[in-house]
Amino acid sequence: MSFEVDQMIDRRRLKRRLAFWRILGVVGLVAVAVALAGRYVPWTGRDYVAYLAIEGIILDDGDRDGTIEAIADDAGAK
């Protein structure tokens, strides 16, 4: 009887180890996929049309002015 119990305990340990390595492998694959996707984003480094939505009454707004200056300084914004 003790032999069967030992086998069951060993089997559970093996299942836990296998589950751990499977999860670690999936997390690793996801990390690699995210890293590669971030590296090969099609719009990176290309020129783009800047779009700034302004709503309501136009008054002095430091945040909006800073955003417009940032767009003006960006070489990729057309």
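These figures come from a predicted structure and were not determined experimentally.

Caption draft 1: View of the overall build of the protein. When helices and strands are tallied, the protein shows 2 helices and 0 strands. In terms of C-alpha radius of gyration, the protein reaches 28 Å, well past the compact-globule figure of 12 Å for 78 residues. By principal-axis analysis of the C-alpha atoms, the protein measures approximately 85 × 30 × 15 Å. Considering the protein as a whole, with its 78 residues, one finds that 4% of them fall into the buried category. For the protein, the exposed surface amounts to about 7600 Å²; the carbon and sulfur share of it is 62%. In the protein, 11 side chains carry a positive charge and 12 a negative one; their mean positions are 24 Å apart.

Caption draft 2: A look at the packing of aromatic side chains. Under the definition given, this model contains 1 aromatic pair. Their ring planes at 75° and their centres at 5.2 Å tell us that phenylalanine 20 and tryptophan 21 sit as a pair that is edge-to-face.

Caption draft 3: Summary view of a positive patch on the surface. A cluster of basic side chains, namely Arg11, Arg12, Lys15 and Arg16, defines a positive patch on the protein surface. Within the secondary structure, lysine 15 sits in helix α1 (residues 2-39).

Caption draft 4: Examining the environment of lysine 78 more closely. Examined against the element boundaries, lysine 78 turns out to sit in the segment after α2 (62-73). Lysine 78 sits 18 residues away from aspartate 60 along the chain, and the two C-alpha atoms are 24 Å apart. Residues in contact with lysine 78, not counting those within four places in the same chain, are Asp47, Tyr48, Val49 and Ala50.

Caption draft 5: Seen up close, the pattern of salt bridges. For the structure shown, the criterion picks out 2 salt bridges. For aspartate 10, the salt bridge identified is with arginine 13, shortest N-O distance 3.8 Å. Taken together, the residues span about one helical turn, with aspartate 10 and arginine 13 both in helix α1 at a distance of 3 residues. Aspartate 10 sits in the partly exposed class, given a relative accessible area of 42%.

Caption draft 6: Representation of the environment of aspartate 47 within the structure. Positionally, aspartate 47 belongs in the loop between α1 and α2. Sequence separation between aspartate 47 and aspartate 74 is 27 residues, and the spatial gap between their C-alpha atoms is 9.7 Å. If near-sequence neighbours (up to four positions away) are discounted, aspartate 47 is found in contact with Ala75, Gly76 and Lys78.

Thresholds applied
- Positions within a chain are numbered from 1, following the residues in the order the chain's sequence is written.
- Predicted model: local features are reported for residues with pLDDT of at least 70 only, side-chain atom pairs are reported and counted for 80 or more only, and whole-chain, interface and lining totals are derived from all residues.
- Excluding hydrogens and water, the side-chain values take into account all heavy atoms of the structure.
- Put simply, DSSP H or I for four residues or longer makes a helix, DSSP E for two residues or longer makes a strand, and each gets a number counted from the N terminus.
- Atoms counted for the radius of gyration: C-alpha only. Globule rule: 2.2 Å times the number of residues to the power 0.38.
- Each residue gets one of three labels from its accessible area relative to the maximum for its type: buried under 20%, exposed over 50%, partly exposed in between, using a 1.4 Å probe on protein chains only.
- Surface exposure here means Shrake-Rupley accessible area, sampled with a 1.4 Å probe, where a residue is shielded only by the protein chains that are shown.
- We score Asp and Glu as negative and Lys and Arg as positive, and we do not count His or the chain ends.
- Taken as the charge centre is NZ of Lys, CZ of Arg, CG of Asp or CD of Glu, depending on the residue.
- Aromatic rings from Phe, Tyr and Trp, taking only the six-membered ring of Trp, are treated as a pair when their centres fall within 6.5 Å; an angle between ring planes under 30 degrees marks them as stacked, one over 60 as edge-to-face, and anything in between as tilted.
- Like charges within 9 Å and nonpolar side chains (Val, Leu, Ile, Met, Phe, Trp, Tyr) within 5 Å are joined into patches, using only residues over 30% in relative accessible area that form no salt bridge.
- By salt bridge we mean one thing: a side-chain nitrogen of Lys or Arg within 4 Å of a carboxyl oxygen of Asp or Glu.
- Residue contacts follow a heavy-atom distance rule, with two residues in contact if any of their heavy atoms lie within 4.5 Å.

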